[in-house]
Amino acid sequence: MADKSAANGQEALEEKLDRLSRKPGVKASIVLDRTTGSIIKTSGDLSALQNAKSRTESATASFSNEANVAEESQSRGLEEFAALIWNYVNSSGQLVQELDGEDELKLLRLRTKKQEIVIVPDSKYLLTVVHDTPPA
Amino acid sequence: MEQRREEIRAKAARLAELKRARALRGSSESRPSIGGDLSDIRVGGASRADERRKIDSFIDSLLGESRPGSTAPGTASPGGFQRGSRPNSILSAGELSNETSESVPQPPATPSAPVPPPNLTTAALTTVFECPPSPVKEVFSYSKGVQTTEAWTEPARPRAQSTISDVDDISATVLSPSKRPSRRERDREEELRQKIREELEEELKAAKEYIADGVVPAATSTNYPSRDLTNEELEAVIHSDDFVDFLDRSTKVIERAFNQETYDILTDYALQGQEVEDEDEETGNTGGRGKHRVKEVVQFFDDRWSKKRMISGIDFSPKFGELLLASYTKNPTAPHEPDGLVQVWNAHMHERPEYVFTAQSDILTAKFSPYHPNLIVGGSYSGQVLLWDTRAKAAPVQKTPLTGYGHAHPIYSVDIVGTQNANNIISCSTDGVVCGWSMDVFAQPQELLELKNPSQAKVAVEDVSPTCLSFPQTDPTFFLVGSEEGKIFPCHRYDRAGAKAGVDKKISYKGHTAPVMSVDFHPAKGPVDLGDLVISSSLDWSVKLWKVRAPAATSTIGAGDGNIKPLMDFVREDVVYDARWSPVKPSVFALVDGAGWLELWDIAVETEEPVSKISPSARQDGRTMLSKSLNKVAWEPNEGKRLATGGIDGSLTLFEVASGLGGKEGLKNEDWTNMKKLVNRVDAVGVNGAVVV
């Protein structure tokens with residue numbers, strides 16, 4: 001029963017992230033560790049999880065037909081993105097902390113002209129989802 | 001180690017100062033004229049020599065701040081007086097020998113060197129360690145002072161200044177207190193800074209190396225990422241309960257956030273000439289017109305859980321209007337999945353259930369507890385009453401035993417009656433057993449009632465076979481059960497005057513000719529009491545309206561056979577599985593039938609036809625044959641604007657009604673009085689009719 005449920009849990013995890021990425025407009029999601037910022041899980045279109053510069057970089061890298069280089073630059077872009085998100089969440093958390101020490105950051109929705117980034121921070125992890133917004 | 005060293009240093013300094021002070025005293029006593037010659041301050045100190053005790057205490061209190069110049073001789077000499085008061089002779093003798101030896105070199109040293117006070121201390125250090133052994137008492141008195149470690153250094157400074165002051169000019173004394181400690185501290189700070197600088201440089205170097213290697217480019221911005229996780233660590237994290245819980249919660253939040261987006265708050269109407277889509281009145285699945293309109297809001301279906309199951313019960317959360325639960329029978333094609341299932345859906349999260357609860361046997365009915373918004377009570381095919389908690393996992397937190405006390409037959413009906421502080425679960429199984437359970441004790445029922453068929457004529461089966469039960473709003477001791485034979489029986493939970501607990505033998509409500517599928521008391525939340533009105537639905541293709549006799553008044557019915565006829569009869573075109581009063585509109589009820597229609601009736605408007613009807617949109621991949629039948633209907637209890645239906649195809653459909661059928665705005669007292677009048681009129685006509693017959 002236990003191992004079955006564990007297997008189920010694993011499946012359910014995949015399913016949950018999959019379900020998220022299948023939702024209309026959702027481009028990608030990434031799970032980070034809250035304390036260290038390490039990347040735990042990603043899903044969806046990873047190129048959405050990069051800044052524009054590294055996106056073009058990886059695109060040119062893929063043109064050069066060197067799979068290695070492309071992959072590397074993509075993972076680097078991913079890490080940069082994760083770092084940005086992590087820093088953003090931390091500074092937001094700091095803001096909240098300084099406004100009211102007993103308060104806690106619960107949800108970040110960042111609307112931009114092109115997309116929306118939704119971040120759910122938790123004590124241990126944080127989930128980030130990038131999705132398209134209806135044209136506004 | 002550092003601290004210790006400092007203490008020692010401080011001690012040494014103090015010793016030296018005291019020595020010097022003593023030397024001064026000796027010099028001042030022996031040559032007061034010299035002191036006067038040296039400075040005015042010195043003179044002041046000498047003139048006040050008789051007030052030394054006072055000054056001494058004053059100085060003690062002001063040690064840190066005191067202007068050492070004037071007080072210096074005071075402190076020095078009275079210190080000597082007090083401490084040396086008893087062994088004065090001995091000390092002075094002993095000291096004098098010492099002091100003179102020291103005081104002699106001092107005066108010449110002071111004018112030449114006001115600058116190197118730190119040097120003086122170091123010099124004192126050596127002398128102290130070599131010389132003092134001879135005056136043992138001295139050491140004793142100092143060691144007393146040593147015990148307050150903090151105070152040690154501070155008093156040392158002013159006294160040290162004092163020694164200087166009587167030779168230095170005032171400016172020097174003012175400077176010295178800031179200089180001396182600062183130099184020491186500065187040394188330490190300098191050391192620390194140096195260390196930090198080194199560390200920083202190392203880090204910078206490392207970062208530069210990283211950049212040069214291109215290994216971790218992000219390292220420039222803070223210390224991120226700390227490092228990549230290894231595969232094992234990733235696995236460990238992913239499998240941890242924490243992570244699973246987190247993902248569960250956070251994805252829910254995000255899905256809700258997405259579903260919430262019916263309106264784009266950032267829309268700029270000025271910017272774009274884009275046509276703003278007006279929500280077309282006729283888009284989507286709607287039924288009825290105008291204020292009797294019904295609109296399908298959303299359909300809940302989970303591919304994994306809802307598949308091939310039938311909905312057996314629906315209930316809205318009494319606390320959170322957006323939450324509703326549906327109980328499901330088993331999926332015959334998936335023997336490894338739990339048979340019983342309850343899903344709690346959220347109107348703001350369409351794609352998946354908020355909670356999933358399971359059981360080992362088909363769940364035939366489920367309800368939120370009105371008094372504990374976290375608890376869900378269900379009845380199973382195996383005869384168990386189950387309790388789930390939304391704070392717990394999927395499995396029931398409590399269940400009644402399968403054997404022994406309680407039910408041995410399927411439970412098609414449960415209810416929670418009572419008050420906030422005293423409530424019971426009432427469950428009813430098809431063998432006629434009605435049990436009352438305490439929320440805390442599921443091991444055995446608090447009360448158990450066996451319903452027996454009261455009819456005089458010998459019937460094959462003595463049991464009543466209840467299919468459903470309903471309690472009036474006002475009385476938790478009286479209830480109605482609908483039976484498979486078509487009669488509706490009034491029952492008492494307890495013995496009363498003139499009536500034993502169980503089925504009331506004098507009365508039965510006879511009208512249905514097929515099993516009764518639902519009985520529902522009027523919610524009666526209005527200016528006129530309509531709590532005695534009941535609607536029942538049955539497989540005989542009809543819904544009937546009854547007026548229930550108050551339980552106390554039953555004895556007044558004399559002769560008659562005690563069979564009461566329905567007030568009204570609503571004949572339908574198919575079997576009716578469920579009928580429910582609106583929680584807010586007194587004359588409105590909803591019914592669902594075997595053909596898949598949800599019908600809304602307003603008997604104040606029309607008693608022959610429903611005011612509106614709608615069928616839930618069929619699922620794309622659903623079966624077409626025999627899949628439309630609806631089993632259950634439920635109203636949202638607080639606003640009364642939404643209702644949900646569910647049936648054979650396992651999808652739960654949420655509808656919203658227009659102002660004529662639900663919602664609290666536009667409620668008028670006339671609605672209630674009109675309903676009352678209508679019922680009275682019909683009652684009268686019915687009585688006349690009975691007379692005619």
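Identification of chain B as Dynein intermediate chain, cytosolic from Bionectria ochroleuca is taken from an unreviewed UniProt entry. Annotation of chain B in UniProt includes, under Subcellular location (unreviewed entry), the sentence "Cytoplasm".

As annotated in an unreviewed UniProt entry, chain A carries the name Roadblock/LAMTOR2 domain-containing protein and is attributed to Bionectria ochroleuca. What UniProt records for chain A under Sequence similarities (unreviewed entry) is the sentence "Belongs to the GAMAD family."

Draft legend 1. Structural view of the overall build of chain B. What chain B contains, in helices and strands, is 14 helices and 31 strands. By residue count, 46% of the 693 residues in chain B fall in the buried class.

Draft legend 2. Molecular detail of unusual backbone geometry. Residue K308 of chain B is not a glycine yet carries a positive backbone phi of 55°. Relative to the helices and strands, K308 of chain B resides in the loop between strand 2 (294-300) and strand 3 (311-316).

Draft legend 3. Quick peek at the pairing of strand 9 (residues 385-389) of chain B. All names here are of chain B. Of all 5 residues making up strand 9, 5 are buried, and the element is well covered by its neighbours. Here strand 9 shows two buried faces, one formed by V385, L387 and D389 and the other by L386 and W388. Pairing analysis gives 5 bridges linking strand 8 (residues 375-380) to strand 9, with the strands arranged antiparallel. When the sheet's bridge partners are listed, V377 is paired in strand 9 with L387. Here strand 8 hands over to strand 9 after 4 residues, with G383 in that stretch at a positive phi of 90°. For strand 9 and strand 10 (residues 398-399), the ladder comprises 2 bridges, and the chain directions are antiparallel. Across the sheet, L387 pairs through a bridge with Q398, a residue of strand 10.

Draft legend 4. Region of the structure containing the sheet that holds strand 30 (residues 642-647) of chain B. Residues and elements named next belong to chain B. With antiparallel pairing, 5 strands are arranged side by side in an open sheet as 1-2-31-30-29. At either end of the open sheet lies a strand with only one pairing partner, and these are strand 1 (286-287) and strand 29 (630-635). Where strand 30 meets strand 31 (residues 652-657), 5 bridges bridge the pair, whose relative direction is antiparallel. Across the sheet, the residue bridging to G646 is L652, located in strand 31.

Draft legend 5. Structural view of the side chain of K632 of chain B. Residues and elements named next belong to chain B. You can see K632 is positioned in strand 29. One buried charge, K632, has no salt-bridge partner; the nearest side chain with opposite charge is D578, at 4.6 Å. The residues contacting K632, other than those within four sequence positions of it, are S312, G313, I314, D578, V592, A644, T645 and G646.

Draft legend 6. Structural detail: the packing of aromatic side chains. All names here are of chain B. In total, this model carries 12 aromatic pairs over all chains according to the counting rule given. Where F589 meets W601, the ring centres are 5.9 Å apart and the plane angle is 5°; that geometry is what we call stacked. Here W601 lies in strand 27 (residues 598-602) and F589 lies in strand 26 (residues 588-593), a separation of 12 residues in the sequence. A relative accessible area of 0% means that F589 is categorised as buried. Judged by its relative accessible area of 0%, W601 falls in the buried class. Grouped by ring-pair contacts, the aromatic residues F570, W581, F589 and W601 constitute a single cluster. For K613, the ring lying beneath its charged end belongs to W597, and the centroid distance is 4.5 Å.

Draft legend 7. A look at helix 12 (residues 231-239) of chain B. Those residues of helix 12 of chain B that sit buried are L234, V237 and I238 of chain B. Looking straight down helix 12 of chain B, one finds that the buried residues subtend no more than 95° of arc, so they occupy a single side.

Draft legend 8. Structural context of the state of the cysteines. Residue and element names in this part refer to chain B. According to the stated counting rule, one finds 0 disulfides over all chains in the structure shown. The thiol of C435 is not disulfide-bonded; the next cysteine sulfur, from C428, is found 9.3 Å away. Using a relative accessible area of 1% as the deciding quantity, one classes C435 as buried.

Draft legend 9. A look at the sheet that holds strand 10 of chain B. An order of 7-8-9-10 (chain B) is seen for the 4 strands of this open sheet, with the pairing classed as antiparallel. The sheet is open, and its two borders are formed by strand 7 (363-368) and strand 10 of chain B, each paired with just one other strand.

Draft legend 10. Up close: the pattern of salt bridges. Residue and element names in this part refer to chain B. By the definition in use, this model includes 24 salt bridges over all chains. Measuring nitrogen to oxygen at the nearest pair gives 3.6 Å for the salt bridge that ties K330 to D362. Remark: D362 occurs in the loop between strand 6 (355-359) and strand 7 and K330 occurs in the loop between strand 4 (323-328) and strand 5 (340-346); sequence separation between them is 32 residues. Judged by relative accessible area, which is 38%, K330 ranks as partly exposed. Linking E573 and R572 is a salt bridge whose minimum nitrogen-to-oxygen distance equals 3.8 Å. Judged by relative accessible area, which is 52%, E573 ranks as exposed. Each of D248, K252, E255 and R352 takes part in one network of salt bridges that share partners.

Draft legend 11. Layout of a negative patch on the surface. A contiguous patch of negative charge on the surface is contributed by E198, E199, E201, E202 and E203 of chain B. Mapped onto the secondary structure, E199 of chain B falls in helix 11 (residues 170-213).

Draft legend 12. Examining the environment of V519 of chain B more closely. Residues and elements named next belong to chain B. Tracing the chain through its elements places V519 in strand 20 (residues 516-521). A relative accessible area of 2% places V519 in the buried class. Dropping the residues within four chain positions of it, V519 is found in contact with C468, L469, S470, L480, G482, V534, I535, S536 and R580.

Draft legend 13. Structural detail: the environment of P454 of chain B. Residues and elements named next belong to chain B. Considering the arrangement of structural elements, one finds P454 in the loop between strand 14 (447-450) and strand 15 (466-470). Sequence spacing of P454 and S508 is 54 residues, and the spatial spacing of their C-alpha atoms is 9.2 Å. If we ignore the near neighbours within four places in the chain, the residues touching P454 are F489, V503, D504 and K505.

Draft legend 14. Here's a closer look at the nonpolar core. Core analysis: the biggest nonpolar cluster contains 21 residues, and L545 and F589 of chain B have the highest contact counts within it. Every element with two or more residues in this core is listed here: strand 21 (533-538), strand 22 (542-547), strand 24 (568-571), strand 25 (576-581), strand 26 and helix 14 (669-692) of chain B. No other element matches the 5 residues that helix 14 of chain B contributes to this core. Sequence-distant contacts of L545 of chain B, that is, excluding residues within four places in its chain, are made with L533, V534, I535, P566, L567, M568, F570, W581 and I603 of chain B. Membership of the second largest hydrophobic core comes to 19 residues, among which are L13 of chain A together with L234, I238 and F246 of chain B.

Draft legend 15. View of a nonpolar patch on the surface. Judged by side-chain polarity, L192, I196 and L200 of chain B come together as a nonpolar surface patch covering roughly 290 Å² of accessible area. The residue I196 of chain B is located in helix 11 in this model.

Draft legend 16. Structural detail: the pairing of strand 1 (residues 26-33) of chain A. Residue and element names in this part refer to chain A. Of all the 8 residues making up strand 1, 7 are buried; the element is thus mostly covered by neighbouring parts of the structure. Examined bridge by bridge, strand 1 and strand 5 (residues 125-132) share 7 bridges and lie antiparallel to one another. Looking across to strand 5, one finds that S29 is bridged to V129. Relative to strand 2 (residues 39-44), strand 1 runs antiparallel, the two being bridged by 5 bridges.

Thresholds applied
- Residues numbered from 1 in each chain as written.
- Chains lettered and ligands numbered in written order.
- Predicted model: local features only at pLDDT ≥ 70, side-chain atom pairs only at ≥ 80, totals over all residues.
- Heavy atoms only, no water.
- UniProt positions renumbered as here; feature names shortened; annotations may be inferred.
- Helix = DSSP H or I, 4+ residues; strand = E, 2+ residues; numbered from the N terminus.
- Buried < 20%, exposed > 50% of the residue type's maximum accessible area, 1.4 Å probe, protein only.
- Pairing = 2+ DSSP bridges.
- Lys, Arg positive; Asp, Glu negative; His and termini not counted.
- Salt bridge = Lys/Arg side-chain N within 4 Å of Asp/Glu carboxyl O.
- Contact = heavy atoms within 4.5 Å.
- Phe/Tyr/Trp six-rings, centres within 6.5 Å; stacked < 30°, edge-to-face > 60°.
- Lys NZ or Arg CZ within 6 Å of the ring centre and 35° of its normal.
- Arc of directions from axis to C-beta.
- Disulfide = S-S within 2.5 Å.
- Patch = residues over 30% accessible without salt bridge, like charges linked within 9 Å, V, L, I, M, F, W, Y side chains within 5 Å.
- Areas by Shrake-Rupley, 256 points an atom, 1.4 Å probe, with all protein chains shown as cover.
- Charge placed at Lys NZ, Arg CZ, Asp CG, Glu CD.
- Core = buried A, V, L, I, M, F, W, Y, C linked by side-chain atoms within 4.5 Å.

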